[in-house]
Amino acid sequence: MDEKLLKDAASVLRGSKNVVVLTGAGISAESGIPTFRGKDGWWKRYRAEELATPEAFRRDPKLVWEWYNYRREIIHSKKPNRAHIILSKWENEGKFENFTIITQNVDGLHMRSGSKNVLCLHGDIWKVRCTGCYREEYNFDVPLKEIPPRCSNCNSLLRPGVVWFGESLPQFELERSFRELERCDLLIVIGTSGIVYPAASMPQYAKSHGSKIIEINIEKTPITNYAHIFLKGKAGEILPLLDGEIS
Ligand code: OAD
């Protein structure tokens, strides 16, 4: 890790009041949860069109649910890592006036580590939604009791409470995200390949509203081109170093 870059990042962080953190699958990699596009990523082994679209679900709900059941089993067996824990510490110690996490992850690890102000852009793998009566509820069964699961209210098929390709993002989360990005002094982007929209547009949006951008990733992304500071490395190693600098 470049000491000077780390110190520069710490100095920006120390001087910021409104901080937003945008996270992707890379922040959960050190917990042992596969990313989507990495070497052993989901989309290297499976086709997104067969598992993560409304058409795929209509075609074969059992196959889609088997995949989600499998992912739920993996996530259930894992724990938040040091990166999640430091973000939750910053929020809960009130280090900044405003501290918001915008996550593309559906694994719930930010909430499990104690973060509260979390906007889940792509939904939550622990939620299920009825395709008949639209009732949404948490379901923490691992494994699921039946596949595909059915609604206890109207017996229609349940679907995972996540956003699939081709679907709109939840309006509340999306609007709040853009409001926070408009007023933040600093956006820290952690572990996202920066190619899935609209999340991928958020760093540029924040920068155009005057925010500084710090990116943490093990490799360069399209965001690196315009980030003010790029910290190359694992989130679970860099965040403790940053925390050490500002504590
Ligand atoms: P990706 O799998 O596309 O990207 C993961 C990023 O994390 C890559 O840029 C890696 O270099 C980086 N990374 C891996 N390990 C890391 C570590 N230990 N520390 C820091 N960075 C690390 O995942 P996302 O960008 O989250 O959407 O993908 C965005 C969306 O595409 C997902 O939410 C999902 C997916 O298809 C839907 O399913 C709708």
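In every chain, residue numbers begin from 1 and rise along the written sequence. Given that the model is predicted, a residue must reach a pLDDT of at least 70 before its local features are reported, and side-chain atom pairs must reach 80 or more before they are shown or counted; all residues, however, enter totals for whole chains, interfaces and linings. Calculation of side-chain values draws on the structure's entire complement of heavy atoms; hydrogens and water are dropped beforehand.

Describing the domain arrangement of the protein chain
An automatic or database domain assignment is the source of the domain bounds shown. Per the domain assignment, the segments making up the protein chain are domain 1 (3–33 + 78–122 + 168–246) and domain 2 (39–77 + 128–162). Contacts were defined at the residue level, with two residues in contact if any of their heavy atoms lie within 4.5 Å. Between domain 1 and domain 2, the contact holds seven residues from the first and six residues from the second. Between domain 1 and domain 2, the buried area comes to about 560 Å², and carbon and sulfur atoms account for 61% of it. The term polar contact refers here to a pair of N or O atoms within 3.5 Å; inside protein, the definition further demands a hydrogen-donor-capable atom paired with an acceptor-capable atom, and it admits residues adjacent in sequence only when both atoms are side-chain atoms. If you look at where domain 1 meets domain 2, you find three residue pairs in polar contact (both at pLDDT 80 or more). As a working definition, buried area equals the accessible area (1.4 Å probe) given up by two parts on being put together, with both sides summed.

Considerations on the side chain of Ser211
Where helices and strands are cited, they refer to DSSP runs of H or I of at least four residues and of E of at least two residues respectively, numbered from the N terminus. By the secondary structure assignment, Ser211 is in the loop between helix 10 (202–208) and strand 8 (212–217). A polar atom in the side chain of Ser211 sits 3.4 Å from the backbone oxygen of Asp185. At a separation of 3.4 Å, a polar atom in the side chain of Ser211 contacts the main-chain amide nitrogen of Leu186. Other than its neighbours up to four places away in sequence, Ser211 contacts Cys184, Asp185, Leu186, Leu187, Ala206 and His228.

Let's talk about the site of the ligand
Around the ligand, 23 residues are found, and the nearest of them are Phe36, Arg37, Thr192, Ser193 and Asn217. Here an oxygen atom of the ligand sits 2.8 Å away from a polar atom, N or O, in the main chain of Ala25. Gln104 is positioned with one of its backbone polar atoms (N or O) 3.3 Å from an oxygen atom of the ligand. Protein contacts shield 93% of the accessible area of the ligand, which totals 800 Å² for the unbound molecule. Amino acids are sorted into nonpolar (Ala, Val, Leu, Ile, Met, Phe, Trp, Tyr, Cys and Pro), charged (Asp, Glu, Lys and Arg) and polar (every other residue, Gly among them). Grouping the constituent residues of the shell around the ligand by class yields nine nonpolar, 10 polar and four charged. The near set for a molecule or strand comprises every residue that places at least one heavy atom within 4 Å of it. Method for areas: the Shrake-Rupley scheme with a 1.4 Å probe, in which residue coverage is limited to the protein chains shown.

Overview of the sheet that holds strand 4 (residues 123–130)
In this scheme, strands are said to pair when DSSP sees at least two bridges between them. Here we have three strands laid out as an open sheet, ordered 5-4-6, and antiparallel in their pairing. Edge positions in the open sheet fall to strand 5 (136–138) and strand 6 (158–162), since each of these has one partner strand only. For this sheet, the mean angle separating the axes of adjacent strands, direction not counted, is 40°. Where strand 4 meets strand 6, four bridges bridge the pair, whose relative direction is antiparallel. Within the sheet, the bridge partner assigned to Arg129 lies in strand 6 and is Arg159. Lines fitted to C-alpha atoms define the axes, with helix axes restricted to the stretch in contact, and inter-axis angles between N-to-C directions lie between 0 and 180 degrees. Set on the sheet, helix 6 (residues 61–76) makes contact with strand 4 and strand 6; between it and strand 4 the angle comes to about 140°.

Topic: the nonpolar core
In a soluble, globular protein the nonpolar side chains are often hidden away together inside. Among buried residues, the Ala, Val, Leu, Ile, Met, Phe, Trp, Tyr and Cys ones that are joined through side-chain atoms within 4.5 Å form a nonpolar core. Only protein chains enter the accessibility calculation, which uses a 1.4 Å probe; a residue whose area is less than 20% of its type maximum is buried, one above 50% is exposed, and one in between is partly exposed. Among the nonpolar cores identified, the biggest contains 28 residues, and Leu87, Trp90, Ile188, Ile190, Leu239 and Leu242 are the most heavily contacted of them. When residues of this core are assigned to their parent elements, the largest contribution, five residues, is made by helix 11 (residues 235–246). Those residues in contact with Ile190 that lie beyond four places of it in its chain are Val21, Leu22, Thr23, Gly24, Ile27, Leu87, Ile216, Ala235 and Leu239. Formed by 26 residues, the second largest nonpolar core is a distinct cluster that contains Trp43, Ile74, Ile75 and Cys151.

Concerning unusual backbone geometry
The peptide bond linking Ile147 to Pro148 adopts the cis configuration, its omega dihedral lying at -5°. Note that Pro148 resides in the loop between strand 5 and strand 6. Cis peptide bonds are those with omega within 30 degrees of zero, and the linkage from Tyr197 to Pro198 qualifies with 5°. With respect to the secondary-structure elements, Pro198 resides in the loop between strand 7 (186–190) and helix 10.

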